[in-house]
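Analysis of the macromolecular model
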Amino acid sequence: MPPSLALLVWFLLLLVLLCLDPAKKRGTSVALWVPVLWFFFVGTRMPSQWLAVHIGTAAEAFEDADPLNRNVFLVLTLVAIGILMVRSFNWGGFVARNVFLMAFLLFALMSVSWSDFPLITFKRWFRDLGAYLVMLVALSDPHPLEGVRTVLRRFCYLAVPLSIVLVKYFPDMGRSYDEWTGAVVAVGAANGKNQLGVACLVAGVFFFWDTVTRWPDRAERRTKRILLVNFIFMAMTVWLLNFCNSATANVCLAIGSFMILVAATKAVKRHPTLFKVLIPACFVCYVTLAYWFNINAYLVGAVGRNPTLTNRTFIWATLFGMTTNPLIGTGYRSFFLGARLRELWLVIHGVMEAHNGYLDLYLNLGIIGLVLFLGFLIASYRTIWDRVRTAPAFASLGLAIWTILLFYNVTEAGFVGGLLWLILMLTGIDVPGLTEDPSRNVSPLKIGAVGEQLPKPIPEPAGFRNKFTTDRPSLSAHSIAARKT
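Focus: the overall build of the protein
From N to C terminus, the protein includes 23 helices and two strands. When the 485 residues of the protein are sorted by exposure, 47% land in the buried category. Of the contacts made within the protein by residues no fewer than 6 positions apart, 74% connect residues no fewer than 24 positions apart. Total accessible area computed for the protein in this model is approximately 24600 Å², and 67% of it derives from carbon and sulfur atoms.

Shown next as structure tokens:
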């Protein structure tokens, strides 16, 4: 098939799928396209790269503040603010419920004052602030669970099939060469195999979660069609994962799927406290074994990887040896700039991140920033477990993403701004009035149009209830019909 024809077929099938999607519900808000577009650009390539205006990597396009990219994200941020204002979003309640997140963002903003590149630091902070506002568009939807499903499903509809088309028919865009082995790897719609691995990880976790949550209703005709679409996309996702050969994504997909299955068992509902403590305890145990007994060397060897984690251990040792402020860091997302980056590239060329989310936070915001961020992780974990009874579907997805983030950031820098981080925002932040059942978000005095209230009940005359209810026997429909005849 000619490449242009393959691209046209993908576009037509995408339109058909979006219009005739069995999972689509009537009344879906058009505003959900705002977080979908943010997801797509962050998870694949920047707008300037899609339009061939900017040549380079995603990091270069994102961090160099290309005018087109800056304007696109600014427009999405302003649209999100407008939507939240129209919906009368409860900002006071949101701030009060997310104290650690607000403290982290405030401290990150304060770091502009001691950063070597204050203007760049502020631009990056403001751009990341837009991501939080855009995610609130989905969470403030009248049906938040369906809003989250719609955002993630549409992103997967866009990214997964497009990646397959680029890999098979546009090898100049969809494939690259491994910098360590020289082997051909798939990058699809992303800029590298790790980024494609994250996109596939998100798709795999979402479709698996959506299948598990819908499985009890599998006898329904509509649910059968939805499950069929899920199985097809899961097959495409597995194919892409095998092609891009991302070991971290494969391991995290297994962890996320396992957590979703665990959250669906009756044991979690019967003993929530046990599992609530067990999950972080297992992670602490893993970190202890990894850094004190070098268990990572055995684990990566089992999945066919270099015991040095593809030179990550060398990168970490080099970064720890560089001079920084251990208490407050170098400034929000400003470590890999200027003289520090040139010094690092003299040792190992091309490194743009710490390949460890915790180390990356420490280098940029020091111990204070790291502690505030860990405080938010703990708070989000408690929020997720609080939803086990009120919103179990939200809780299971949030639990999977939260656990994946802990393990993923051991070998990659996925905190703040990445796809997994955005999904944690959708499932882990505490939004006032957010429940799985849309009817719980509506006041019992409000029906129909917004603000319409039921009339006040008319008081009963004295003795009415006793005379006509308690003193007289109730008449059935059969007895009433008999009297009429």
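Concerning helix 20 (residues 392-408)
Every α-helix winds through 3.6 residues per turn, so residues three or four apart in the chain are directed the same way. For helix 20, spanning 17 residues, the distance from its first C-alpha to its last is 24 Å, which sits close to the expected 24 Å at 1.5 Å a residue. Across the 17 residues of helix 20, 15 count as buried, placing the element largely inside the fold.

Topic: the environment of Trp10
Counting through the fold element by element, Trp10 comes out in helix 1 (residues 3-20). Owing to a relative accessible area of 15%, Trp10 belongs among the buried residues under this scheme. In the structure, Trp10 is positioned 151 residues away from Pro161 in sequence and 7.2 Å away in space, judged by C-alpha atoms. What Trp10 contacts, discounting residues up to four positions off in sequence, is Leu158, Pro161, Leu162 and Val165.

Brief notes about the pattern of salt bridges
Applying the stated criterion across every chain, the model contains 10 salt bridges. Close ionic contact of Lys25 with Glu146 constitutes a salt bridge, the shortest N to O distance being 3.8 Å. Of the two residues, Lys25 sits in the loop between helix 1 and helix 2 (33-43) while Glu146 sits in helix 9 (residues 144-169), which places them 121 residues apart along the sequence. For Lys25, a relative accessible area of 40% puts it in the partly exposed group. Linking Arg127 and Asp128 is a salt bridge whose minimum nitrogen-to-oxygen distance equals 4.0 Å. With respect to class, Arg127 is no different from Asp128; both count as buried. Among the ionic contacts, a cluster of salt bridges with common partners joins Lys25, Glu146, Arg149, Arg153, Asp210 and Arg214.

A word on unusual backbone geometry
Even without a glycine there, the phi angle at Ser88 is positive, about 55°. For Ser88, the location among the structural elements is in the loop between helix 5 (67-86) and helix 6 (91-97). Overall, Ser88 belongs to the exposed group, its relative accessible area being 60%. You will see that His355, though not glycine, has its phi angle at about 55°, which is positive.

Remarks on the packing of helix 9 against helix 11 (residues 193-214)
Put simply, helix 9 and helix 11 touch, their axes get as near as 10 Å, and they point 135° apart. Relative to helix 11, the element helix 9 is oriented oblique. Of the two possible hands of crossing, helix 9 and helix 11 adopt the one that is left-handed. Each of Leu145, Arg149, Leu152, Arg153, Phe155, Cys156, Tyr157, Val160 and Ser163 in helix 9 lies in contact with helix 11, whose residues at this interface are Leu196, Ala199, Val202, Ala203, Phe206, Phe207, Trp209, Asp210, Thr213 and Arg214. Grouping the constituent residues of the contact of helix 9 with helix 11 by class yields 13 nonpolar, two polar and four charged.

Thoughts on the side chain of Thr427
As for its placement among the helices and strands, Thr427 is situated in helix 21 (residues 419-428). Polar side-chain contacts of Thr427 include one of 3.0 Å to the backbone oxygen of Ile423. With residues up to four places along the chain from it excluded, the contact list for Thr427 reads Ile384, Arg387, Phe394, Leu397 and Gly398.

A word on the confidence of the model for the protein
Of all residues in the protein, 81% attain a pLDDT of 70 or more, and the chain-wide mean is 82. Between residues 54-63, whose pLDDT stays under 50, and residues either more than four places distant or in other chains, the model counts 26 contacts. Throughout residues 437-458 the model reports pLDDT below 50, and contacts reaching past four residues in sequence, or to other chains, amount to 17 contacts.

With respect to a nonpolar patch on the surface
Together, Met1, Leu5, Leu8, Val9, Phe11, Leu12, Leu13 and Leu15 give the surface a local cluster of nonpolar side chains, amounting to about 720 Å² of exposed area. Considering the arrangement of structural elements, one finds Leu15 in helix 1.

Examining the state of the cysteines
Under the criterion given, the structure shown has zero disulfides. Cys200 provides the cysteine sulfur closest to Cys244, a residue in no disulfide bond, and the two sulfurs are 5.2 Å apart. The buried category is assigned to Cys244, whose relative accessible area is 0%.

A closer look at the environment of Leu196
By the element assignment, Leu196 lies in helix 11. Sequence spacing of Leu196 and Ala186 is 10 residues, and the spatial spacing of their C-alpha atoms is 7.9 Å. The residues contacting Leu196, other than those within four sequence positions of it, are Ser163, Ala186, Val187, Gly188, Ala190 and Cys244.

Observations regarding the nonpolar core
Here is a general trend for soluble globular proteins: nonpolar side chains tend to be buried in one another's company. Within the largest apolar cluster, 123 residues are counted, with the highest numbers of intra-cluster contacts made by Phe39, Phe415, Leu420, Trp421, Leu424 and Ile429. Counting residues per element, this core draws most heavily on helix 9, which supplies 15 residues. Setting aside anything within four residues of it in sequence, one finds Leu424 in contact with Phe376, Leu377, Ile384, Ile401, Trp402, Leu405 and Ile429. Among the nonpolar cores identified, the runner-up in size contains 13 residues, and Ile315, Leu341, Ile348 and Leu363 belong to it.

Concerning the packing of aromatic side chains
By the definition in use, this model includes 29 aromatic pairs. Ring centres 6.5 Å apart and planes at 40° place the aromatic pair Phe283 and Tyr286 in the tilted group. Highlighted residues: Phe283 and Tyr286, both in helix 15 (residues 272-292), separated by three residues, approximately one helical turn. For Tyr286, a relative accessible area of 18% translates into the label buried. Their ring planes at 80° and their centres at 5.0 Å tell us that Phe335 and Phe336 sit as a pair that is edge-to-face. Look at Phe335 and you get buried, because its relative accessible area is 1%.

Cut-offs and rules
- Once a new chain begins, its residue numbering starts again from 1 and follows that chain's sequence as written.
- Per-residue local features of the predicted model are confined to residues with pLDDT of at least 70, and side-chain atom pairs are confined, for both listing and counting, to 80 or more; whole-chain, interface and lining totals are unaffected and use all residues.
- Only hydrogens and water are set aside when side-chain values are computed; all heavy atoms of the structure are taken into account.
- Secondary structure follows DSSP: runs of H or I at least 4 residues long count as helices, runs of E at least 2 residues long count as strands, and numbering of each begins at the N terminus.
- Burial classes: relative accessible area under 20% of the type maximum marks a residue as buried, over 50% as exposed, and values in between as partly exposed (1.4 Å probe, protein chains only).
- What makes two residues a contact is simply this: any of their non-hydrogen atoms within 4.5 Å.
- Where accessible areas are quoted, they stem from the Shrake-Rupley method and a 1.4 Å probe; at the residue level, only the protein chains shown are allowed to cover.
- Expected span, for any helix, means 1.5 Å times one less than how many residues it has.
- Only one rule defines a salt bridge in this text: a Lys or Arg side-chain nitrogen within 4 Å of an Asp or Glu carboxyl oxygen.
- Helix axes use the C-alpha atoms of the stretch in contact, all axes being lines fitted to C-alpha atoms, and the angles between their N-to-C directions lie in the range 0 to 180 degrees.
- Angular relationships are summarised with four words: roughly parallel below 35 degrees, roughly antiparallel beyond 145, roughly perpendicular across 65 to 115, and oblique for the angles in between.
- Crossing handedness is read from the near helix: turned anticlockwise from the far helix by less than a right angle, it gives a left-handed crossing, and turned clockwise, a right-handed one.
- When residues are sorted by character, Ala, Val, Leu, Ile, Met, Phe, Trp, Tyr, Cys and Pro go into the nonpolar class, Asp, Glu, Lys and Arg into the charged class, and all the rest, Gly among them, into the polar class.
- Within 3.5 Å is the distance limit for a polar contact, defined as a pair of N or O atoms, with the added protein rule that one can donate a hydrogen and the other accept it, and that residues adjacent in sequence qualify only through two side-chain atoms.
- On a range of 0 to 100, pLDDT expresses the predictor's confidence in each residue.
- Patches draw on residues past 30% relative accessible area with no salt bridge. Two like charges within 9 Å are joined, as are two nonpolar side chains (Val, Leu, Ile, Met, Phe, Trp, Tyr) within 5 Å.
- We call a pair of cysteine sulfur atoms a disulfide whenever their separation is within 2.5 Å.
- Side-chain atoms within 4.5 Å are what join buried Ala, Val, Leu, Ile, Met, Phe, Trp, Tyr and Cys residues into a set we call a nonpolar core.
- Only the six-membered ring of Trp is used, alongside the rings of Phe and Tyr, when aromatic pairs are assigned; centres must lie within 6.5 Å, and planes under 30 degrees apart are stacked while those over 60 apart are edge-to-face, with the rest tilted.

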